[in-house]
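Listed here are the chains, written in short residue letters.
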Amino acid sequence: MLHMAEPLIHHRSPEFRAVMERVNANLGYLFQTASPVLTLTCSGTGGVEATFVSLFSPGDTVIALNGGKFGERWLHMARVFGLDAVEIRTPWGKAVDAGGVEEALRAHPGARGVYLTHSETSTGTALDIRELARVIRENSDALVCVDGISSVGALELRCDEWGVDVCVTGSQKGLMIPPGLAFIALGERAARAVGRSETPKFYFDLGRALRSRESADTPWTPAVSLLLGADASLAMIREEGIENVWSRHERLAKGLRAGIKALGLTLFSDSPSNAVTAVHLPAGIGWKEFNGALKSGSGLTLAGGQGEYEGKIFRIAHLGYFDELDMIIVVAALERALAACGFGFGRGEGVRAAQKFFLE
Ligand SMILES: *Cc1c(COP(=O)(O)O)cnc(C)c1O
């Protein structure tokens, strides 16, 4: 990613406009949409904030799925901006089913939007966005708003075909570049909602971003070097082919899960995401001890649990720049750390199961 170390070009120059034109076209491919995808200079959370302030007005009802840290964040954020946010709560590690969403829409027929977290990173849980979008569209006029921050470029997602109105991602997840950019796919119905919103906003006004985009521009100075990186990573995704990117993530996740199960460990989620795998920490092993053994034994960084699952689960990211050998190394590192913590398992069985999956 040495593109980001190149001398900067001016953001109102023809050279930069050419970069933005390529980025805009490749973002449409990434999100599988013919509608505009906007680029904001902020992290993914800023991208979601831009959707709340640009699409809705105080007093509007939105439904938010809360099955983990990020779903919870959007529920709170909606309330900060004066929206009447209806919560659908699901236990961590479980995916909401379409029936629950249909019920909420019946109880709140005027809902203007439904916020769904495609891959809930705190629990490693994936939602069936295709089915949920279908149910929302059939039962309401609510906009289908997807937090795709850890799913875009990892899990299958077809905005236009599935009827997703709004989808947000961030540069540091599936796009494989440092944090600092948010990308927002905005369908036609969402673009119309932008014109009706009365929430105060300035920097995060998607109406301005839409107007600037007509001339391959951004309203404010963008993070130019990150955009040079995005230009390169989007070209990589285009070259591999989005379907191949999705199936690579599926294979990596499945091979990793095979290795984990062969060690006698259990997955946390009923509906595991192909971007991140959450695993129960075996009884009797502390997270600090296990994490320390991972770091000193293999130099591997995994994430612990959040909220009430702190110390109870650990999470392995496998979205973006990963391949099959990386997964085998992760399983090998888990074996070493588990052995160091005195956990009983068939030595080498995890690596064997993962290798076998990939070779068959
Ligand atoms: C990382 C992440 C976020 C937060 O994104 P920031 O870039 O840290 O603001 C939100 N939702 C999901 C699902 C994520 O994985």
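Model, not experiment: these values are computed from the prediction.

Let's talk about the packing of aromatic side chains
Under the counting rule described, the total for this entry stands at 11 aromatic pairs. Consider the rings of Phe357 and Phe358, whose centres lie 5.6 Å apart with planes at 80°: the pair is edge-to-face. Residue Phe357 is classed as partly exposed on the basis of its relative accessible area, which comes to 26%. The exposure class of Phe358 is buried, given its relative accessible area of 6%. One aromatic cluster is present, formed by Phe202, Tyr203, Phe204 and Trp220 through successive ring pairs. Above the plane of the ring of Phe202 lies Arg208, whose end atom (NZ or CZ) is 4.3 Å from the centre.

Details of the site of the ligand
Residues in close proximity to the ligand total 14 residues, the closest being Ser43, Thr45, Thr121, Asp147 and Lys173. Between the ligand and the protein, one listed contact pairs an oxygen atom with a side-chain N or O atom of Thr121 at 2.4 Å. Side-chain polar atom of Gln172 to an oxygen atom of the ligand: 2.8 Å apart, as the coordinates give it. By residue number, the principal contributor to the shell around the ligand is helix H3 (residues 69-80), which donates 3 residues.

With respect to the sheet that holds strand S7 (residues 143-147)
Sheet architecture is open: 7 strands sit in the order S1-S9-S8-S7-S4-S2-S3, paired in mixed fashion. Single-partner strands in this sheet number two, and they are strand S1 (37-41) and strand S3 (84-89). Going across the sheet, the axis of each strand differs from the next one's by a mean of 20°, ignoring polarity. Summarising the sheet, strand S8 (residues 166-170) and strand S9 (residues 181-186) pair through 5 bridges and their orientation is antiparallel.

A short note on the domain arrangement of the protein
Assigned domains of the protein: these are domain 1 (3-240) and domain 2 (245-359). Contact residues are listed per partner, giving 26 residues for domain 1 and 22 residues for domain 2. Together domain 1 and domain 2 conceal approximately 2000 Å² of surface at their shared face, both sides included; 62% is due to carbon and sulfur atoms. When the buried surface of domain 1 facing domain 2 is broken down by residue, Trp92, Ala154 and Glu240 rank first, second and third, together holding 26% of it. Linking domain 1 with domain 2 are 2 salt bridges, by the criterion used here. Taking the shortest distance from any N to any O, the salt bridge between Lys94 and Asp270 comes out at 3.5 Å. Counting the contacts that link domain 1 with domain 2 gives 10 residue pairs in polar contact (both at pLDDT 80 or more). Broken down by secondary-structure element, the contributors of at least two residues to the side of domain 1 that touches domain 2 are strand S6 (125-126) and helix H9 (224-240). Ranked by residue count, the leading element in the side of domain 1 that touches domain 2 is H9, at 3 residues. Among the residues forming the side of domain 1 that touches domain 2, the class breakdown is 9 nonpolar, 11 polar and 6 charged.

Here's the deal with the pattern of salt bridges
According to the stated counting rule, one finds 19 salt bridges in the structure shown. Of the charged contacts in the structure, one is a salt bridge between Arg158 and Glu156, with a shortest N-O distance of 2.7 Å. Given a relative accessible area of 15%, Arg158 falls into the buried group. Given the relative accessible area of 31%, Glu156 is considered partly exposed. Ionic pairing is found between Glu360 and Lys356, a salt bridge with its closest N-O pair at 3.9 Å. Taking relative accessible area as the criterion, Lys356 reaches 44% and is therefore assigned partly exposed. Because the salt bridges share partners, they merge into one network encompassing Arg130, Glu156, Arg158 and Glu243.

Re the environment of Tyr203
Take Tyr203: it is sitting in the loop between helix H7 (188-196) and helix H8 (206-213). Between the C-alpha atom of Tyr203 and that of Thr41, which follows or precedes it by 162 residues, the distance is 9.8 Å. Those residues within four positions of Tyr203 in sequence are excluded, and the remaining contacts are Thr41 and Trp220. Polar contacts involving the side chain of Tyr203 include one to the main-chain carbonyl oxygen of Thr41, which spans 3.4 Å.

Comments concerning the pairing of strand S2 (residues 61-66)
Most of S2 is tucked away, with 6 of its 6 residues classed as buried. In S2, alternate side chains face the same way, and those of Thr61, Ile63 and Leu65 on one face and Val62, Ala64 and Asn66 on the other are all buried. Across 6 bridges, S2 lies against S3 in parallel orientation. When the sheet's bridge partners are listed, Thr61 is paired in S3 with Asp84.

Procedures and definitions
Residues numbered from 1 in each chain as written. Predicted model: local features only at pLDDT ≥ 70, side-chain atom pairs only at ≥ 80, totals over all residues. Heavy atoms only, no water. Phe/Tyr/Trp six-rings, centres within 6.5 Å; stacked < 30°, edge-to-face > 60°. Buried < 20%, exposed > 50% of the residue type's maximum accessible area, 1.4 Å probe, protein only. Lys NZ or Arg CZ within 6 Å of the ring centre and 35° of its normal. Near = heavy atom within 4 Å. Polar contact = N/O pair within 3.5 Å; in protein donor to acceptor, adjacent residues only side chain to side chain. Helix = DSSP H or I, 4+ residues; strand = E, 2+ residues; numbered from the N terminus. Pairing = 2+ DSSP bridges. Axes fitted to C-alpha atoms, helices over the stretch in contact; angles between N-to-C directions. Domains from an automatic or database assignment. Contact = heavy atoms within 4.5 Å. Buried area = accessible area lost by both parts, 1.4 Å probe. Salt bridge = Lys/Arg side-chain N within 4 Å of Asp/Glu carboxyl O. Nonpolar A, V, L, I, M, F, W, Y, C, P; charged D, E, K, R; others polar.

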